[in-house]
Amino acid sequence: MPFWKCYYHVIWTTKNRAAVITPAIETILFSAIRSKSDELNSPILAINETADHVHVAVTIRLSLSVSDWVGQIKGASSHAVNRAFENLEPKFRWQDDYGVLTFGAKNSPFVQSYIENQKNHHKSSTLQPYLEQIEE
């Protein structure tokens, strides 16, 4: 197998940016995202959320496209939430779009810290617009 280290910062939102990610839903989401990403042999470096979107730093194996990783992660995580919260109305859904940024090993500590402090960035208005992009 060839050597690879491809780092991605992936951001995606809930359907219509609905603020529906509660602490209980976060627990299910993070578990499903980590489990599916492990299954895809794509280690997660950092993960966090706010009420309407998720940030993930991940290394995605070469034989899997970023769009395939995102699709499988979004599918597995929304399915897990809807299974855990059967009476949730409307059903938990993700927006179709997402944002992807690449970064190198040297910048990994900064990106991971940014993601790990996501809730604080939103509370204190210290967001980095470049690291929050989902659409052009």
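Coordinates for the structure precede this section.
What comes next concerns the included structure. (Residues numbered from 1 in each chain as written. Predicted model: local features only at pLDDT ≥ 70, side-chain atom pairs only at ≥ 80, totals over all residues. Heavy atoms only, no water.)

Core analysis: the biggest nonpolar cluster contains 23 residues, and Trp12, Leu29, Ile33, Val54, Val56, Val58 and Trp69 have the highest contact counts within it. For this core, the secondary-structure elements that each account for two or more residues are β1 (7–14), α1 (23–39), β2 (44–50), β3 (53–59) and α2 (66–84). If you tally residues by element for this core, the top one is α2, at five residues. Tyr7, Ala57, Phe103 and Val111 belong to the second largest nonpolar core, which has six residues in total. (Core = buried A, V, L, I, M, F, W, Y, C linked by side-chain atoms within 4.5 Å. Buried < 20%, exposed > 50% of the residue type's maximum accessible area, 1.4 Å probe, protein only. Helix = DSSP H or I, 4+ residues; strand = E, 2+ residues; numbered from the N terminus.)

On to the pattern of salt bridges. On inspection of all chains with the given rule, the structure shows two salt bridges. With a closest N to O distance of 3.1 Å, Asp52 and Arg17 form a salt bridge. Remark: Arg17 occurs in the loop between β1 and α1 and Asp52 occurs in the loop between β2 and β3; sequence separation between them is 35 residues. Look at Asp52 and you get buried, because its relative accessible area is 18%. Owing to a relative accessible area of 42%, Arg17 belongs among the partly exposed residues under this scheme. (Salt bridge = Lys/Arg side-chain N within 4 Å of Asp/Glu carboxyl O.)

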